[in-house]
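# Structural characterization, general
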Amino acid sequence: MALSGRKTMKKSNGFTLIELMIVVAIIGILAAIAIPQYQNFTNRAAFQEMVSLVAPFKMAVEMCAQDNAGDVSRCDNDYSGTLGTIPAQIKDQEDINKLTTTAGVIELKTIDNSFGQTNHTYYILTPVFTGNAITWNITGNCKDRGLC
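Read on for a plain summary of the structure. As the structure is a prediction and not an experimental result, all values here were calculated from the model.

### Quick word on the overall build of the chain
If you tally the helices and strands in the chain, you get two helices and four strands. Expressed as a percentage of the 148 residues in the chain, the buried residues total 24%. Only carbon and sulfur atoms are counted for the fraction: they give 58% of the accessible area of the chain, which is about 10100 Å².

### Section: the layout of surface pockets
Approximately 160 Å³ is the volume found for the largest pocket. Considering the residues around the largest pocket, the lining is formed by Glu 62, Ala 65, Gln 66, Gly 70, Phe 129, Gly 131, Asn 132, Ala 133 and Ile 134. Among the elements of the structure, helix 2 (55–67) and strand 4 (133–139) are those that each provide at least two residues to the lining of the largest pocket. With three residues, the top contributor of residues to the lining of the largest pocket is helix 2.

Thresholds, definitions, all that
Residues numbered from 1 in each chain as written. Predicted model: local features only at pLDDT ≥ 70, side-chain atom pairs only at ≥ 80, totals over all residues. Heavy atoms only, no water. Helix = DSSP H or I, 4+ residues; strand = E, 2+ residues; numbered from the N terminus. Buried < 20%, exposed > 50% of the residue type's maximum accessible area, 1.4 Å probe, protein only. Areas by Shrake-Rupley, 256 points an atom, 1.4 Å probe, with all protein chains shown as cover. 1 Å grid on protein atoms, 1.4 Å probe; cavity = no way out; pocket = protein on both sides within 12 Å on 5 of 7 lines; lining within 4 Å. Points joined across faces, edges and corners; volume = space filled by probe spheres on them.

This is the structure we're talking about:
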């Protein structure tokens, strides 16, 4: 006896080429967005490590200012006062070209080709006196590059 009027459905054995192409296209789009964002994130994180190296210099300038009644004009590298000393330089840091203090202004300059940049990145801290406290004004091209 034949089953007339009934259609049998063929069971699928896998994905079609179109379905696979759609999945590959979606993965490609996600990768095109995610990889640059991840690189930017890792560059910012590595630069923040460099910024953390500035902390002893900031503290030393603040102590120098306190030592000199708020005058930071003498707060340079190798300054030695009653409250502390400003370090001459940080040694053995592969991404730092120079880290200097001149009249209280701290300048961090990275080497070329670091943090995804083809030339030097600058992070400059200028002390600003508000009452009895020092706040730090951040300048340099690190802001334009989204690193600080």
